[in-house]
Amino acid sequence: MLQRLAASSRWRAAVLATSAARCLSSGSVTITDPLNYWAGRRKAGQEKCSTENVYEPATGRILCHLELCGGDEVNQAVKAAKSAFGYWSKMSGMERARIMINAAHIMESRREEIAEMEVVNNGKSITEARLDVDSARLCIEYYAGLASTLAGQHVQLAGGSFAYTRREPLGVCAGIGAWNYPFQIAAWKSAPALACGNSMVFKPSPVTPVTAVLLAEIYAKAGAPEGLFNVVQGGQETGSLLCHHPDVAKVSFTGSVPTGQKIMEMASKGIKPVTLELGGKSPLIIFEDSDVENAVKGALMANFLSQGQVCSNGTRVFVQKDILPEFVDVVVKRTKAISIGDPLLESTRMGALVSRPHLDKVLSYVQQAKAEGATVLCGGEPFVPSDPKLRGGYYMSPCVLGDCTDDMTCVKEEIFGPVMSVLSFETEEEALQRANDTTLGLAAGIFTRDVKRAHRVVEHLKAGSCFINNYNVTPVEVPFGGFKMSGIGRENGQVTIEFYSQMKTVFVEMGDVDSLF
Ligand SMILES: NC(=O)c1ccc[n+]([C@@H]2O[C@H](COP(=O)([O-])OP(=O)(O)OC[C@H]3O[C@@H](n4cnc5c(N)ncnc54)[C@H](O)[C@@H]3O)[C@@H](O)[C@H]2O)c1
Ligand SMILES: C[N+](C)(C)CCCC=O
């Protein structure tokens, strides 16, 4: 079975020919197989379809020419999903769970292959990519476990009459993903959707289109009906075709705030529910009673995963005045020690940013920070690896900015790169007021040994995902999502079942109609 899957894609076949264990090396992959998938198979674009280049961030090479879906293709994918919905939604939760568990097993067996392709397309380190695949698998296992627990309520009424509620699927759900966690986002959206009996058409970011189709193949191989999980490639045009499609019942979106606003507007035309996982500019507050080594580790996790391209990052690091010099000393030392380079090497801790324009944007934020009075304590420069094949890659040295103030652009705007802004504070009240002084509210963190303070501060933080003495840990059992302009709805956890299902109320009369007429 796995051989058949492997043979279905040319890059994989090439890889198998080279080595059975560790497969890809940066600069060696070219993708020619179609990346669209519906009705149970990969689909090549129509002859006239437009294409876009996809790059390998580690080298700057062209990885493939992406075939973008237009109206016809989107219609076909939605039609396939609608047909699968008819079948899937009538299966019992246990039956759905069995297929999802099969999918999780297949995913586990293909972990390395998926992780490597994620690295090749996204630029993050192989160590992180493996964790992303694990998170995807765990999410599918978790929602497989919940699939058979979907239940309603029985409400006893006067005269023996009663009512009951049923939790029903929505129909065809559209998933639209960002480029920072391409595979994980596709799983975080599809797992709860499928567990509830929906089908899905997923559109990855055109910057990272490569791994979603692997998820589609895995679901199909696990026994899902044709059309249950489909992939259409494209950018905003394809995304908006999905949002407007009359047979799409819900849109689940991960991406930036401006696009989230457009998605909500489009969905509002059909009164479609939305899940919006948007951006952040999250605070991390480090009190003077913290274990400084531990707080530094937290600050690094809050800023430098995935080259800093993480929505929940705690990029505004507020450090209480008395420990500021010690904190800065250690954080700078540890940031300088981060090994940057080939993301497929085990020793690499920071790979390449996702694209050249994005790298340039992040570097320009560092320049602007300097111009506005911040001090570059380390990094913030383009990084050129010694390996010649990596010279065209999109690398930069992770950056710590000191002497930051709340009015600086680097403190106000989401940079979405490896740039940490360090700010000093004196009192708890002041830290809270400044931490909450933003239109965003995705995440927040606090380091302290004082358990009472930890819970008191968290209660007042205006953020959907708060961390005490850690940062950026997202077990799939725990809901994740934002307050304010960071989003609507949640991913993961039990509550997400509510965002992929609807409640029907059934009233049952046991007597006669008591008519007023
Ligand atoms: N909260 C979260 O869980 C989370 C997770 C990852 C990323 N993000 C956020 O995502 C952003 C970075 O990702 P990005 O640059 O890919 O975001 P983006 O908003 O540019 O694009 C996201 C997706 O939306 C699509 N899209 C763009 N315009 C569209 C339109 N008009 N209609 C329909 N679809 C459209 C894109 O093709 C892509 O698939 C950051 O702001 C980050 O904070 C949030
Ligand atoms: C798993 N992380 C690192 C918390 C990322 C969640 C998805 C946001 O970008």
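Residues numbered from 1 in each chain as written. Chains lettered and ligands numbered in written order. Predicted model: local features only at pLDDT ≥ 70, side-chain atom pairs only at ≥ 80, totals over all residues. Heavy atoms only, no water.

## Looking at the nonpolar core
Phase 1: Core analysis: the largest hydrophobic core is formed by 75 residues, its most contacted members being Met107, Tyr143 and Phe229.
Phase 2: It is helix α6 (residues 126-147) that provides the largest number of residues to this core, a total of 11 residues.
Phase 3: Looking at this core, you find at least three residues from each of domain 1 (36-277) and domain 2 (283-487).
Phase 4: Other than its neighbours up to four places away in sequence, tyrosine 143 contacts Met100, Ala191, Pro192, Ala195, Asn492, Gly493, Thr496 and Ile497.
Phase 5: By size, the runner-up hydrophobic cluster in this structure holds 32 residues, among which are Ile285, Ala431, Leu432 and Leu461. (Core = buried A, V, L, I, M, F, W, Y, C linked by side-chain atoms within 4.5 Å. Buried < 20%, exposed > 50% of the residue type's maximum accessible area, 1.4 Å probe, protein only. Helix = DSSP H or I, 4+ residues; strand = E, 2+ residues; numbered from the N terminus. Domains from an automatic or database assignment. Contact = heavy atoms within 4.5 Å.)

## Some thoughts on the side chain of aspartate 342
Phase 1: When you line up the elements, aspartate 342 lands in the loop between α12 (324-336) and α13 (356-371).
Phase 2: Lysine 389 is the oppositely charged side chain nearest to the buried, salt-bridge-free aspartate 342, at an N-O distance of 4.2 Å.
Phase 3: There is a polar contact of 2.7 Å between the side chain of aspartate 342 and the side chain of serine 26.
Phase 4: Excluding residues within four positions of it along the chain, aspartate 342 makes contact with Ser26, Thr348, Lys389, Leu390 and Tyr395. (Lys, Arg positive; Asp, Glu negative; His and termini not counted. Salt bridge = Lys/Arg side-chain N within 4 Å of Asp/Glu carboxyl O. Polar contact = N/O pair within 3.5 Å; in protein donor to acceptor, adjacent residues only side chain to side chain.)

## Quick word on the pairing of strand β4 (residues 61-67)
Phase 1: Sheet topology places strand β3 (residues 51-56) next to β4; 6 bridges connect them, and they run antiparallel. Residue pairing in the sheet places glutamate 56 in a bridge with arginine 61 of β4. (Pairing = 2+ DSSP bridges.)

## Here we look at the site of ligand 2
Phase 1: Every residue close to ligand 2 is listed here: Asn180, Tyr181, Val310, Cys311, Ser312, Asn472 and Thr474.
Phase 2: Between ligand 2 and asparagine 180, the relevant distance is 3.0 Å, taken from an oxygen atom to a side-chain nitrogen or oxygen of the residue.
Phase 3: At 3.2 Å, a backbone N or O of cysteine 311 approaches an oxygen atom of ligand 2.
Phase 4: Considered on its own, ligand 2 offers 300 Å² of accessible surface; in the complex 92% of this is hidden by protein.
Phase 5: Tallied by class, the residues present in the shell around ligand 2 amount to 3 nonpolar, 4 polar and no charged. (Near = heavy atom within 4 Å. Areas by Shrake-Rupley, 256 points an atom, 1.4 Å probe, with all protein chains shown as cover. Nonpolar A, V, L, I, M, F, W, Y, C, P; charged D, E, K, R; others polar.)

## Observations regarding helix α7 (residues 182-195)
Each turn of an α-helix holds 3.6 residues, which means side chains three or four residues apart point in the same direction.
Phase 1: For α7, spanning 14 residues, the distance from its first C-alpha to its last is 20 Å, which sits close to the expected 20 Å at 1.5 Å a residue.
Phase 2: In terms of burial, α7 is a largely internal element, 14 of the 14 residues being buried. (Expected span 1.5 Å × (residues − 1).)

## Side note on the side chain of lysine 281
Phase 1: As for its placement among the helices and strands, lysine 281 is situated in the loop between β11 (274-277) and β12 (283-286).
Phase 2: Put simply, lysine 281 is tucked away with no salt bridge, and the nearest opposite charge, on glutamate 414, sits 8.1 Å away.
Phase 3: A polar contact of 2.8 Å, which involves the side chain of lysine 281, links it to the backbone oxygen of cysteine 410.
Phase 4: What lysine 281 contacts, discounting residues up to four positions off in sequence, is Thr315, Arg316, Cys410, Val411, Lys412, Glu413, Glu414, Ile415 and Leu440.

## Re the site of ligand 1
Phase 1: Close to ligand 1 lie 29 residues; Gly177, Ser256, Thr259, Leu278 and Glu414 are nearest.
Phase 2: Contacts to ligand 1 include glycine 177, whose backbone N or O atom sits 2.7 Å from an oxygen atom.
Phase 3: Contacts to ligand 1 include threonine 259, whose side-chain N or O atom sits 2.8 Å from an oxygen atom.
Phase 4: Protein burial of ligand 1: of its 850 Å² of free accessible surface, 88% is covered by the chains.
Phase 5: In terms of residues, the shell around ligand 1 owes the most to one element, helix α10 (residues 257-269), which gives 4 residues.
Phase 6: Classifying every residue of the shell around ligand 1 by side-chain character gives 13 nonpolar, 12 polar and 4 charged.

## Section: the layout of surface pockets
Summary: where empty space remains is shown by rolling a probe the size of a single water molecule over the atoms.
Phase 1: If you add up the space inside the second largest pocket, you get close to 230 Å³.
Phase 2: Taken together, 15 residues line the second largest pocket, and the ones lying closest to its centre are Arg96, Leu150, Arg167, Glu168 and Pro169.
Phase 3: Counting only elements with at least two residues in the lining of the second largest pocket, the list comes to α4 (93-109) and β6 (162-169).
Phase 4: Ranked by residue count, the leading element in the lining of the second largest pocket is β6, at 5 residues. (1 Å grid on protein atoms, 1.4 Å probe; cavity = no way out; pocket = protein on both sides within 12 Å on 5 of 7 lines; lining within 4 Å. Points joined across faces, edges and corners; volume = space filled by probe spheres on them.)

## Remarks on the UniProt feature "domain: Aldehyde dehydrogenase" (unreviewed entry) in the protein chain
Phase 1: With numbering matched to this structure, UniProt assigns "domain: Aldehyde dehydrogenase" (unreviewed entry) to residues 50-506.
Phase 2: Helix makes up 40% of residues 50-506 and strand 20%, and the two end C-alpha atoms of the span are 49 Å apart. (UniProt positions renumbered as here; feature names shortened; annotations may be inferred.)

## Considerations on the UniProt feature "active site" (unreviewed entry) in the protein chain
Phase 1: The sites that carry the UniProt feature "active site" (unreviewed entry) are, in the present numbering, Glu277.
Phase 2: Among the structural elements, glutamate 277 can be located in strand β11.
Phase 3: Judged by relative accessible area, glutamate 277 falls into the buried class, the value being 4%.

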